[in-house]
Number of protein chains: 2
Amino acid sequence: MMTIYSDEHFMKEALKEAHKALEKDEVPIGCVILSQNRIISRGHNLTQQLKDVTAHAEMQAITAAANTLGGKYLKDCKIFVTIEPCPMCAAALAWSQISEVVFGAKDEKKGYSTISQNLLHPKTIVKSGVLEKECSQLVSEFFKNKRASKNHK
Amino acid sequence: MMTIYSDEHFMKEALKEAHKALEKDEVPIGCVILSQNRIISRGHNLTQQLKDVTAHAEMQAITAAANTLGGKYLKDCKIFVTIEPCPMCAAALAWSQISEVVFGAKDEKKGYSTISQNLLHPKTIVKSGVLEKECSQLVSEFFKNKRASKNHK
């Protein structure tokens, strides 16, 4: 019998990834990609550590998922990401033809929807607001602490 | 004395990269990134070979350039790319804060400007039409040959 997990279950897994980023003093964003209800890749933001603006959680997870599946398209896959993808990641998800994108909290400043909804593939299902508060607080507290430590220097 | 090369000179270097992609049966797009008039990274499309939708010429060159410079921002850099960047690559170039983007030919279907000019950083200078015909023909002939070989199967 296959256990059907809830969206919250997978968003918690994405949050675990975000916490890994936090431990490395990175903007805490994390994600997981599923194929047939099974996690096939994980990613967390590593832009500082890798000194690479392209090292967003989603970009790493897309590459890893394709590697696991042995093909570049993620047609029957689903991504759970703590924060709304940026335009780069949304466009990468569009190239991958991923079937569903679930994000926790909106990114009012840098989210893809600030530019255009058309950055995602027209067939991709989008869902948001899963564990919204936890996902958003993690990032806002990170930046609050950054500002506080800057003011004390 | 420093030799100042023309835009055509660097676009020819980007075309050399595009030809490397063609030899590997990849959509022939190539680029080079300069810092202080010197090429610090090169890239060509490898999405098929790497089975990775994110393996566009620009994405690889951005990562490599940052690696060479030892920092994630490409503020004083310039990219020469044979075809107008897609939304993913344009947004990655925006994150990198690259100072100038020069492309050969427009991509009427998948270029970033089909979605929004705002995908690039507002301070980034954009120039197009350098060796336009060569850049565009390389891609259109690639697809023409693909269709012809498909019809003969």
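I will try to describe carefully the structure that is included in this document. (Residues numbered from 1 in each chain as written. Chains lettered and ligands numbered in written order. Predicted model: local features only at pLDDT ≥ 70, side-chain atom pairs only at ≥ 80, totals over all residues. Heavy atoms only, no water.)

### Points about the sheet that holds strand E4 (residues 100–105) of chain A
Two pairing modes exist for strands in a sheet, parallel and antiparallel, and in both the strands are linked by backbone hydrogen bonds. Residues and elements named next belong to chain A. Counted only if it meets this: Between any two strands, pairing holds if DSSP finds at least two bridges. Secondary structure follows DSSP: runs of H or I at least 4 residues long count as helices, runs of E at least 2 residues long count as strands, and numbering of each begins at the N terminus. To obtain each axis, a line is fitted to C-alpha atoms, and for helices this fit is confined to the stretch in contact; angles are then taken between N-to-C directions over 0 to 180 degrees. Between two residues, a contact is recorded if the distance between any of their heavy atoms is within 4.5 Å.
The 5 strands lie next to each other as E2-E1-E3-E4-E5, forming an open sheet whose pairing is mixed. Strand pairing shows two members of the sheet lacking a second neighbour, strand E2 (38–44) and strand E5 (125–128), which therefore form its edges. Neighbour to neighbour, the strand axes of the sheet diverge by 15° on average, direction disregarded. As paired elements, strand E1 (residues 30–35) and strand E3 (residues 77–83) share 5 bridges and run antiparallel to each other. Counterpart to Ser35 in the pairing with E3 is Cys77. Sheet contacts for helix H1 (residues 7–23): E1, E2, E3, E4 and E5; angle to E3, the most-contacted strand, approximately 55°.

### Quick word on the relation of the copies chain B and chain A
Between the two chain copies there is a screw-like relation: a rotation about an axis and a shift along it. The criterion, for reference: We place the copies in one frame by least squares, fitting the C-alpha atoms of every residue whose pLDDT is at least 70 in both.
When chain B is fitted to chain A, the best match, at an RMSD of 0.0 Å, comes from turning it 180° and sliding it 0.0 Å along the axis. Those values place the two copies in the arrangement expected of a two-fold rotation axis. Closest approach to the rotation axis among the C-alpha atoms of chain B is made by Met88 of chain B, whose C-alpha sits 2.1 Å away. Same-surface contact between copies: 100% of interface residues of chain B are shared with the interface of chain A.

### A look at the nonpolar core
For soluble globular proteins, the rule of thumb is that nonpolar side chains tend to be buried together. Worth spelling out the cut-off: Nine residue types can take part in a nonpolar core, namely buried Ala, Val, Leu, Ile, Met, Phe, Trp, Tyr and Cys, and a core is a set of them joined through side-chain atoms within 4.5 Å. Throughout this description, buried means an accessible area under 20% of the type-specific maximum (1.4 Å probe, protein chains only), exposed means over 50%, and partly exposed covers the range between.
The biggest cluster of nonpolar side chains holds 88 residues, and the ones touching the most others in it are Ile33 and Met88 of chain A together with Ile33 and Met88 of chain B. Setting aside anything within four residues of it in sequence, one finds Ile33 of chain A in contact with Arg38, Ile39, Ile40, Ser41, Ala61, Ile62, Ala65, Leu74, Cys77, Lys78 and Ile79 of chain A.

### Let's talk about the side chain of Glu58 of chain A
Condition: In this charge count, Lys and Arg are treated as positive and Asp and Glu as negative; neither His nor the chain ends contribute. Here, a salt bridge means any side-chain nitrogen of Lys or Arg that lies within 4 Å of a carboxyl oxygen of Asp or Glu.
Along the chain, the position of Glu58 of chain A falls in helix H2 (residues 57–69). Lacking a salt bridge, the buried Glu58 of chain A has Lys72 of chain B as its closest oppositely charged neighbour, with an N-O distance of 13 Å. Beyond its immediate sequence surroundings of up to four residues, Glu58 of chain A is in contact with Cys31, Ile79, Val81, Ile83, Pro85, Cys86 and Cys89 of chain A.

### Quick word on helix H2 (residues 57–69) of chain B
For clarity, the threshold we go by: How far a helix is expected to stretch is found by multiplying one less than its residue total by 1.5 Å.
Across its 13 residues, H2 of chain B extends 18 Å between first and last C-alpha, which sits within 8% of the 18 Å expected from 1.5 Å per residue. On its buried side, H2 of chain B packs onto H2 and helix H3 (87–96) of chain A together with strand E1 (30–35), strand E2 (38–44), strand E3 (77–83) and helix H3 (87–96) of chain B. Trailing H2 of chain B by a residue or two, Gly70 of chain B shows a phi angle of about 80°, which is positive.

### Looking at the packing of aromatic side chains
Rule in force here: Note on aromatic pairs: the rings of Phe, Tyr and Trp (six-membered ring only in Trp) are paired at centre separations within 6.5 Å, and the planes decide the class, stacked below 30 degrees, edge-to-face beyond 60, tilted for the rest. Two conditions define a charge sitting above a ring: the NZ of Lys or the CZ of Arg must be within 6 Å of the ring centre, and it must be within 35 degrees of the ring normal.
Under the counting rule described, the total for this entry stands at 6 aromatic pairs over all chains. For the pair Phe10 of chain A and Phe80 of chain A, a centre-to-centre distance of 5.4 Å together with 40° between the ring planes defines the contact as tilted. Here Phe10 of chain A is found in helix H1, whereas its partner Phe80 of chain A is found in strand E3, with 70 residues between them in sequence. For the residue pair Phe10 of chain A and Phe80 of chain A, the accessibility class agrees, reading buried in each case. Judged by centre distance (5.3 Å) and plane angle (75°), the ring pair of Phe142 of chain B and Phe143 of chain B falls under edge-to-face. Looking at Phe142 of chain B, the relative accessible area reads 7%, which means it is buried. We classify Phe143 of chain B as partly exposed; its relative accessible area is 37%. Three or more aromatic residues joined by ring pairs form one cluster here, namely Tyr5, Phe10 and Phe80 of chain A. Positioned above the aromatic ring of Tyr73 of chain A, the side-chain terminus of Lys75 of chain A is 5.6 Å from the ring centre.

### Section: the packing of helix H1 (residues 7–23) of chain B against helix H4 (residues 132–151) of chain B
Residue and element names in this part refer to chain B. Let me state the cut-off plainly: Should an angle fall under 35 degrees it is taken as roughly parallel, and over 145 as roughly antiparallel, whereas 65 to 115 is taken as roughly perpendicular and any remaining angle as oblique. By the convention adopted, Pro, Cys, Tyr, Trp, Phe, Met, Ile, Leu, Val and Ala count as nonpolar, Lys, Arg, Asp and Glu as charged, and the other residues, Gly among them, as polar.
Packing of H1 against H4 leaves a shortest axis separation of 10 Å and a crossing angle of 10°. In this view, H1 runs roughly parallel relative to H4, as classed from their interaxial angle. Contact with H1, carried on its side by Met11, Leu15, Ala18, His19 and Leu22, involves Glu134, Cys135, Leu138 and Phe142 of H4 and no other residues of that element. Of the residues in the contact of H1 with H4, the class split is 7 nonpolar, 1 polar and 1 charged.

### Looking at the interface of chain B and chain A
To keep it simple, the criterion reads: Note on terms: buried area is the combined drop in 1.4 Å-probe accessible area of two parts once they are placed together, counting the loss on both. We call two N or O atoms a polar contact when they sit within 3.5 Å, provided that within protein one can donate a hydrogen and the other can accept it, with sequence-adjacent residues counted only if both atoms are side-chain atoms.
Tallying the contact residues gives 27 residues for chain B and 27 residues for chain A. Summing the contributions of chain B and of chain A, the shared interface buries around 2,200 Å²; its carbon and sulfur component is 73%. When the buried area of chain B at its contact with chain A is split by residue, Val53, Lys72 and Trp95 of chain B rank highest and sum to 32% of it. Viewed at the interface, chain A and chain B are joined by 0 salt bridges. Our count for the contact surface shared by chain B and chain A stands at 6 residue pairs in polar contact (both at pLDDT 80 or more). Within the residue set of the side of chain B that touches chain A, elements represented by two or more residues are H2 and H3 of chain B.

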